[in-house]
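Residue-level structural notes
Here are the chains, one letter per residue:
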Amino acid sequence: MLRITVLVSGGGTNLQAIIDAIRAGIIHDTQIARVISNNPKAYAMERAKEAGIEAMCISPKSYDDREKFHDALLKGIDDADTDLVVLAGFMVVLPPKLIKKYAGRIINIHPSLIPSFCGQGYYGLRVHEAVLARGVKVTGATVHFVDEGTDTGPIIFQQAVEVKQDDTPETLQRRVMEEAEWKIMPRAIDMIAQGRVKIKDGRVILS
Ligand code: GAR
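This section reports on the structure supplied with the text. Note that the coordinates shown come from a computational prediction; the quantities given were computed from them, not determined experimentally. (Residues numbered from 1 in each chain as written. Predicted model: local features only at pLDDT ≥ 70, side-chain atom pairs only at ≥ 80, totals over all residues. Heavy atoms only, no water.)

1. Quick notes on the site of the ligand
The criterion, for reference: Residue proximity to a molecule or strand is established when one non-hydrogen atom of the residue lies within 4 Å of it. As used in this structure description, the phrase polar contact means that two N or O atoms lie within 3.5 Å; if the pair is within protein, one of them must be able to donate a hydrogen and the other to accept it, and residues adjacent in sequence are counted only when both atoms belong to side chains. We count a stretch as a helix when DSSP gives it H or I for four or more residues in a row; a strand needs E for two or more, and each element gets its number in order from the N terminus. Only Asp, Glu, Lys and Arg are considered charged, only Ala, Val, Leu, Ile, Met, Phe, Trp, Tyr, Cys and Pro nonpolar, and every remaining residue, Gly among them, polar.
As a structural note, the neighbourhood of the ligand is formed by 15 residues, with Gly12, Thr13, Asn14, Gly124 and Glu181 the closest of them. Backbone polar atom of glycine 11 to an oxygen atom of the ligand: 3.4 Å apart, as the coordinates give it. Within the side chain of threonine 13, an N or O atom sits 2.7 Å from an oxygen atom of the ligand. Listing elements by their share of the shell around the ligand, those giving two or more residues are helix 1 (13–23), strand 5 (106–110) and helix 6 (169–193). The residue inventory of the shell around the ligand, partitioned by class, reads six nonpolar, eight polar and one charged.

2. Topic: helix 3 (residues 66–78)
Formally: One fewer than the residue count of a helix, multiplied by 1.5 Å, yields its expected span. Only protein chains enter the accessibility calculation, which uses a 1.4 Å probe; a residue is then buried when its area is under 20% of its type maximum, exposed when over 50%, and partly exposed in between. Any pair of residues with heavy atoms lying within 4.5 Å of one another is described as a contacting pair.
In a regular helix each residue adds 1.5 Å, so 13 residues correspond to 18 Å; helix 3 covers 18 Å between its end C-alpha atoms and thus fits that length. Along helix 3, the positions that sit buried rather than exposed are Phe69, His70, Ala72, Leu73, Leu74, Gly76 and Ile77. Residues of helix 3 that are buried make contact with strand 1 (2–8), strand 2 (30–37), strand 3 (55–57), strand 4 (84–87) and helix 4 (96–101).

The following block contains the structure:
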């Protein structure tokens, strides 16, 4: 059984997609051990509680400095006997210590086709604003392993989504979630649970 800890900051629709996919048998042999939010007001916490999953808030505001916050985050993950850390809309830059300890065992969902519209400053709605400002016709989402860089780790799955002429950042965000994020994130977790995802020379090999 793969034990995943899901890190969230906001609405938690990706968390919901994971919960639903486990229930529907789309994700096999996987259990959400714990949900951790940095934001006490995140609706994702309600979703976790509703599903009977332990929800824990670790807010930087509760700690004297960043290091203590990072230590608490690492402890929250360790204490849940986590096999895989899943970043599902987690808007905190992970400390190097955590990335090192869980190397090859942290995945993230990003709302664009990496390497476009990613890296520092590209998160949430800002990604879709940038996509519309540039006028690209195709966008999408990427699920990837997390390394020391921002959105630079090995890519597991990508799904393209059409940009429509009358899109707003909000309508585009919704379509990218529905057509891409909520599908490729559960699929990636299932493949990892089945031991079918390996990293070789910085790239993902699926079997
Ligand atoms: C999602 O669109 C996710 O891809 C994005 O934040 C949103 C969270 O929504 N993540 C990033 O931008 C990470 N760089 P959710 O809380 O409803 O899952």
